[in-house]
Every structure is written in C-alpha cells, then in structure tokens.
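If you want the building blocks of each chain, they are given just below.
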Amino acid sequence: MPSATRRVDISHRLGVGVALVALYVGAARVGFSVAFVAEQVTTVWAPTGLALAFLLLWGRSLWPAVWLGAFAANASSDAPLWTAVSIATGNTLEAVVAVWLISRVYFDPALRRTQDGLAFIVIAAGLSTTISATVGVLTLCAAHVQPWARFAELWSAWWVGDALGALVVAPVILTTVRSQGTWSRRDWVEAFSLILATLIVTQAVFGQQRDSVRGLHPLEFVVVPFLITAAVRLGQPTTGLVVLGASAVTIWNTVQGAGPFASAAVHESLILLQVYTGVLAGTGLLLAAAITERRIGESRQAAVNAVSQVLADAPSLADAATPILRGVCENLGWPVGALWLVNEDRQRLRCQQVWRNPTTPNSTLETATGEIVLSKGVGLPGRVWANGEPAWSENALEYRRTTDRAPTLLPGPHAALAVAIRVGDEVRGVIEVLSPSPITPDPDLLKTMATVGNQIGQFVARKQVEAAIIDGQRRTRAILDRALDAVIGMDHLGRITEFNAAAERTFGYTREEAIGRALAEVIIPRELRGRHQAGLRHYLATGEGPFMDRRIETSACHADGHEFPVEVSVTRVMEDPPMFTGFVRDLTARAQAEREREELLRSEQTARQEAERANRAKDEFLATLSHELRTPLNAIVGWTRMLLEGTMDEASTRRALDVIDRNAHLQVHLVEDILDVSRIITGGLRLDLTPVDLATVIGAALDAIRPAADAKKIRILCRLDAVNRLAKGDPQRLQQIVWNLLANAVKFTASGGRIDVELVNAGEQSIRISVGDDGAGIDPSFLPFVFERFRQADGSVNREHGGLGLGLAIVRHLVELHGGTVWAESQGLKQGATFVVEIPTMEPNQVLSAGEQRESIRVDRSPSSDALALQGCRALVVDDEQDARVMLATVLKRAGATVWTASTAREALIHLDMSRPDVLLADIGMPGEDGYSLIREIRRREAQEGRHLPAAAITAYAGNEDHERALKAGFDCHVSKPIVPAKFVRTVVALYGQREALDGTH
C-alpha cells in the first residue's frame, strides 16, 4: 500500500476509534441510568452492541477504543479503580472473542441471510456475552461491591443486558453501514412513517399507567405487525430501527412505572421487559434476514435470466454489452459495471463498455470507456484474466492507471467483483461490478457472476461458430457457383434441393426452375426413371445403391430433350432425413474424342496398361522410399539428440555412435541404389573393366553380409568349384551383384535358416554364381516380374520385409552390362528361392583394350593408420557450408595436415596467393562462383606460372557425368559425398603424392 494511502487509513481508523470511545461512554451513561439490579448491571447494555458493530465493520484492531470506553464508563462508579480495569477488560474480550468466533464462519455484517442472523444471535449475543458477565460479576464480588450470594442473580442480569444490547443496537449499525443499493424518496418516506407509527403505537401501549393495563399482556405485541411490515417492505436497516425505537420506548416507560411490564417487583418487571425485548429483536433480525435472503436469491436469478434474455436476442457481444451490465447491476444492486475484452493481439485487456447507475456521481466513466487498458495481472480484471478465477475486492484501492488518460472506474477505496469470460480454456474477457461502499465477499454471488461469465462465454463461442458456419456457407456457395461439374442436391423424396451454375449450363434449366422438382423428371431419361425411383427406395430400405460413393457413367436428359453421356457420383451428406449430393460431369466431348481415337487407343492399350502399372509401381516405390529413408533417419536423429543432451554413459554413447554410423551407411546405400537406377534408366552407368577373380568378389560380399546373417543365426555355405574364376568386369559392380543377392536371401530367410552360395563353370566361356535360400519363396505368378523396377511381391504398408524393390532390378542391369544373364527359381511360397547369374569368363593372359580402361587415381587400400599420413601436407578446404568445412578440416588435421579453410571461391583465391597449399579440396555447389569457376581460374593462372596444384572436387553430385565434368573443368579427381574419413584421407594422400612427384621430391 502506498504511504499516502497508509496515512489516510491510519487517520481514518484513529477517527473511528475516537468516535467509538465517545459513543461507548455516552451509551454507558444511559445504560447506568436504568441499572436497577446493581450500579454496574443494567437492563440493556447498549455499549455491547456498539463494540460488536465497530469491530465487525472496521476490524479487531479497534479493541483499545473499546477498552478505553469501558474503562472510562466504569471508572466513575464508587467501586475501586481496579474493578474498572477488570470490567473494561471483560467487555473488550467479549467483543474481540465474538468477532473472532464469527470470522471463523462466513459472515456478512449486513445480516442479509438467515444464517448470518443465527450466527450473530448465538455467537455474538449468546456465547461471547458470558465472558463480560462472568468477568464483571466476579470482579464486583471479589471487590466486595456485591455479595457472593447474589452472583447468580447478577450474572444472569448482566448477561441478558449485554445480549439485548447486542441484539438491539448492533444490527442497526451493521445493516445501515453495509446497506447496498439506493433508496428512493418513497422508500425514505415509508421508512420514516413506519418508525414514527411504531413509536406512537408503542408509546400508546406502554405509556399507560400500570393499573389500567394490568392483565392485558398480549397488548404489547401490537408492535409485531410493524416489525413484520418493516422486514417485508424495507429490509434490515428499517427493521433494526423499528426494534431499537420500540425497545427504547418500552424501557423508558417501564422504568417510569408505566406499561404492561410495570410491577411493584422490579425483578419481575425486568424479566418481562428483557424477554419482550429479546423476542422482538430476535424475531425482527431473523425475519428481515430471511426475507432479504429470499429477495437476494430472486434478484440473482433475475440477473442470470436478464443476461440470458439479452444474449438470446443480441446479434453480437458489442450490442449486448450495455443491456448485460444494466441487467446485472440493477438486479444485484451494484452501481457500476464494466465489460473488459482481450485485444486481438492477446496482450491487453481493454474496457469495452461501462454502465453506471444514474444515481452514481462520476462523469468521467462514459468518456473513459475504451481508454482503460490493462496488462495481464494489473488491477482486479487483470488478475482475473491472468488466473481465470473469480476475484473480490472487499474495500481496497485498485491501481489500474497505465496512462494519464486512463482513469479508474471508481476513485478511492471501493468494493469490486470480477469473473472471467471463457471460451473453452481461454479467457476472452472479464465482467466486473463495483460499489463505492465496502461489501463483504459472498461466495453465492461469486457463483452467480461466474454463471453470467459462462453465459457470455458460451454466447461468444456460439457467435464464433455461427460466423464460421455463415462464412463456410458463403465459401460453399462460391465453390458451387464456380465449380466446373454440375452439383445437384436431392432429399429423401427425390426432390432437387441444390442446382449450381454448372448444372444450369449442363441441363438447360435455371436454378429456380429445378429447385423443388423431382430429379427423375428433370434430368433422368424416361426409360431410366423407374430404375432411379426403385433404386432410391431400395437404398432407403437397405443402405445400398449402385451410384453411392462411386463414379458411374450413364445417360442424362437435357431440357430440350436430347440425351447425352455423363459421369455421376452420389454421396450421402445427412443422416436423418437422408440428403444426397450428386456430382455430374458431361462426357459428351470426351465420348466424341474417344470415338475418334478408338482405333488408336486399341493399338496402344497394352502400352498404356504397362505405363499405368509402372506408374502404380512408381507410386508404391515413392511411398516405400519415404519409409525406408525415414527409418534410418529416425535412428540417426533420435540418437543424435540424446548425444547432444550429454547424459549418456560411455556404453550408451558407443552404442549410439554405432547405430548412427550403421544407419548413415544404410542411408548411403539407399541413395546409391536410387542413383544406380537413375544411371541405368538414362544409360549413364558405365563399368571400369578389369580382370576380376570372382572367388575374391564372393568372399568380399560374404564378409560384408555376414553380420546381418549372424544376427538372424543364418548359416551360409559357400562352394567354389569353378576352375577358371577370372572374368572381365568391374570388381565393385560384381561385388554389388553378389551382395544384393545375398542381402535379398538374408532378408527373406527366417532365423536359423540356410543360404547356399556356389561358383561353378557353365561351359567353356561362362561362369555361374548361384545364391539359394530356404526362406519365404516366390509366388509363381510373381516370378516374371521379380527383376522389374519398383516391383515387390508385398507392397502393403504393413509388409513384413523392408526395402525399395530396386536391388534385383540393379542386379539384372549390372549382369546385362557384363554380358551375362540372371534368373530366379522357386517352387512357390515358403519353398525358398535361388538366383542364378551367368557371365562370360576370360583367359588369365587376356588383356583389356585401351578403350575399356578408364583413367583414375589409384589409392592404396591396404589397412594402415591415417594418424600421420599427411604429415607436412598443406591443404586448402573450400566449402560454403560451415559444418562440412569444419568436418573436412578436422579429418585432415587428424591425419597430420596443415589446413586452411575458405567459404567462397574469392576467399580461396586469396588463400592460394598467400599460403601456397599443396592440395586443394573444393566443393562444387557454392553460391556465386561455384567450384568449376574456381578450378578454371586456378588452372588459368597456373598456365602462366608453369605449376600444377592437385585438386579434388568434393560434391554431392555423384553421377558419371558429374565425374567427367569435374575432370574436364580441371580437377584431378572427383569425391562424392557423404565423406568416409579414412577413404578421404587416402584420396588426399594420393593427391599429395602427385604434388611431391611434380616437385621432384620422389
């Protein structure tokens, strides 16, 4: 709380305390004037009601004022001074304990509910007053002011006097201070008249002499109708004043010896007077509370009903804002209401509308509407926006000012209540009500306001849905109007409900002419109408029909009577009653074109079917490719993420690296297969022919496939019986053939199975390689297609075996490039399969022709350490991608090289002039000047200087034409990505060896 506000609060409490002391002393003087039992014991002790009311309204911190008032009132008696201290302490404890006990339960000081009245009667008037009576009488007896023999009599008189003081005085103060709403002039006149009439009637009854009214005791209850009238008509404050006035007149006349209670025996008079006063006060208190509670419940229900009625008729929340606020505030008795809405950017809460009761003086409210903007958590609405929970400010300053132009809705301390307007789980706004006077939080009112907030939220959500529906209908209408096909709606009776512009053009009817007519008589040829009507009846009875959810070619009828071919599909769009939408396409032009091309299409039908089958196979392949590429990527990405988190132990890290490396190689293999197929299709796949020992090829392929076979516990038996094992071919491609066949066998062989590999001579000029297994086998119907691209026996999504369906197609093309043949054999499913390859052999002394050899850099592939293989070598790495650049530099540095890096061709030329590297390793695809431009500029300069820098092209463009283009541009070799570190180092070693040879070092 700011210091200025704190000073105001202290000054306010000090003033309240001084007023309490003065009122307490004055009321005590009056009370002592009717003390008949003893000097300190009176019939009705009004200070008890004062103390309770002040502490309930302004807090228990005012207890020193109670004590000072009680001490000052009792210090003037003839009793010792310490008795005044003790009695003051008892009176103070009485009030403090009463307030503390009442605060343990929910209590409204305005006494607007029956439970509030009962709590006040039982706790404040009944229980807590025993403290003052006990302390006071014990003090008087201990000080010998009163004899111990009178303890019970004095205690009961003291207790009853304090209880009546609480019942008669406190409710008047509490209900008057906490009164809600405003009174009209008529209310004031009625209240004044009722109180005056009560005083007159009470005086008439109790002002008579004792002898004249003796025996007429029911007569004193003529005041009860006035009490009931006050409770029913005007509520608690007036009822309290009626009780107070009637009690004052009754006590005064009884003291004077008049009225029905006057008696020669004072004790008897006091008992009758106290009982009468207690019954009057308790009855009025409970009756007024019950009636007020009922009215409050009715007003709250009226507020909810008013909001419901407003929202039922309102086109938008902006139109409903003022009626909503008026209905809530007028029915609940709050003078000011405000509607806050969250801005579209969801960053500010803006006051959308303010409603003020005309009797509430504040001229800045209307002009402030729309200017008050709150951030989340600022002010009561901002807090409700932030946490979504209802909130109540009983009597506090709410600081909302965010700019000089944004005043608060009510200046100074005030009560406020705010609830959220929710749409789903999102708070879209806040509805707030305010009062300039303090109001005790009321959980039931919070529930009522929460209901109002929910109503508004549901209204906003409903309007959003309605807007979406209208927008959707508008879009649907636009789509229908612009559709190229005819769209026709039909109900369950066969009547047309929709007829778009394309339908008008197709059938020659306008929309107005078609809507409402039977579909059969509008567009269906006469000879088909009976079938249409029968089909509709059959569908309605069974749910089955030939036109439903499929495309059917049939005939339709134009408005001019001619028939024409159409394509029709019908969809059910509603369930009860059924509604249908038909999509009709005019096939006249297509039918005419088909007739003109019928002969041509007949001759091409087989080719088209093949193309369609290939296209389907391609589509299946693309789906499979997506799956097969994502599978290793999933493992790579997942384990990489876990490695980056840095929480894995050494064993898990090793496993992660193995999984990443294995899946990366799998990814490379998939890409290589795809590239091979591309090269095969375009004729770009060529072989590096050389004499090859096929036994060595088979051995290398077996070494590569053995881990996969061992994982499935598959036995591989190899028999090499060929005498002449030498063939003319590409060793890498021949190994690829054998590996593909072995991988296929491992894939389709169950765990514990067997694979047989044979190498035998097939005549004098050819050699045969066969790979057989006892696995899944091949359906005889699929054998003719087993070597086709994109064809797999099981192409379903949930197929048991993975793969792209390219391996065997690649095998066939590679075998044919080597001048051989390949075929497959199988007895059927679950009978195993055998794949046989035959290629020509060559004599051991046969030499390849020059045209069959290709120039390339030969790298020593013997196993050796790369740790210092490039010691003394200076290398320049050029790549625009930083990750690739850093990786290549790291590999070379680990091999002992000195490395410079550049990200562009221009930067590389600067390094060449300054550093004079021994080897250049350059990426091809770089922005601006690419790798080709760089090597051409380097070779141009070298032609003038008479030297040669060994250079390798490092690129993801891995085709044969890419290789040749790199060599023609000036590179010495072509290295395709992804880079294998060991192989890459060996390539650089070979380049570095060329440089040393040119420099004359070897």
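Here the structure is shown first, and the text comes after it.
A brief report on the enclosed structure follows. (Residues numbered from 1 in each chain as written. Predicted model: local features only at pLDDT ≥ 70, side-chain atom pairs only at ≥ 80, totals over all residues. Heavy atoms only, no water.)

1. Quick word on the packing of helix α5 (residues 114-127) against helix α7 (residues 151-177)
Interaxial distance between α5 and α7 falls to 8 Å at its minimum, and their mutual angle equals 135°. Classified by the angle between their axes, α5 and α7 sit oblique to one another. By crossing handedness, the relation of α5 to α7 is classed as right-handed. Each of Phe-120, Ile-121, Ala-124, Ala-125 and Gly-126 in α5 lies in contact with α7, whose residues at this interface are Trp-159, Ala-163, Ala-166, Leu-167, Ala-170, Pro-171 and Leu-174. Here the contact of α5 with α7 is composed, by residue class, of eleven nonpolar, one polar and no charged. (Axes fitted to C-alpha atoms, helices over the stretch in contact; angles between N-to-C directions. Helix = DSSP H or I, 4+ residues; strand = E, 2+ residues; numbered from the N terminus. Parallel < 35°, antiparallel > 145°, perpendicular 65-115°, else oblique. Left-handed = near helix turned anticlockwise from the far one by under 90°. Contact = heavy atoms within 4.5 Å. Nonpolar A, V, L, I, M, F, W, Y, C, P; charged D, E, K, R; others polar.)

2. Some words on the sheet that holds strand β13 (residues 715-720)
The pairing of strands in a sheet happens through backbone hydrogen bonds and is either parallel or antiparallel. Spatial strand order, β13-β15-β16-β18-β17: five strands in an open sheet with mixed pairing. Of all the strands in the sheet, just β13 and β17 (821-825) have a single pairing partner and so form its edges. Strand after strand, the sheet turns through a mean of 10° between neighbouring axes, direction not considered. Here strand β15 (residues 754-761) runs beside strand β16 (residues 766-773); their pairing, made up of seven bridges, is antiparallel. In the strand pairing of β16, Val-757 is matched with Val-771. Taken strand by strand, helix α24 (residues 694-711) contacts β13, β15, β16 and β18 (833-840), and its axis lies near 175° from that of β13. (Pairing = 2+ DSSP bridges.)

3. Description of the side chain of Arg-733
Along the polypeptide, Arg-733 turns up in helix α25 (residues 731-747). In terms of polar contacts, Arg-733 uses its side chain to reach the side chain of Gln-736, at 2.7 Å. (Polar contact = N/O pair within 3.5 Å; in protein donor to acceptor, adjacent residues only side chain to side chain.)

4. Comments concerning α7
Here α7 is 27 residues long and its end C-alpha atoms lie 38 Å apart, about the 39 Å a rise of 1.5 Å per residue gives. Ala-170 marks where α7 bends most, by close to 35°; the proline Pro-171 follows one to four residues later. (Expected span 1.5 Å × (residues − 1). Bend = angle between axes of the 7 residues up to and from the residue.)

5. Examining the packing of helix α2 (residues 46-58) against α7
Close contact between α2 and α7 brings their axes to 6 Å; oriented N to C, the two are set at 40°. In this view, α2 runs oblique relative to α7, as classed from their interaxial angle. Note that α2 runs across α7; the crossing there is right-handed. Of the residues in α7, those touching α2 at Ala-46, Thr-48, Gly-49, Leu-50, Leu-52, Ala-53, Leu-56 and Leu-57 are Asp-162, Gly-165, Ala-166, Val-169, Ala-170, Ile-173, Leu-174 and Val-177. In terms of residue class, the contact of α2 with α7 is built from twelve nonpolar, three polar and one charged.

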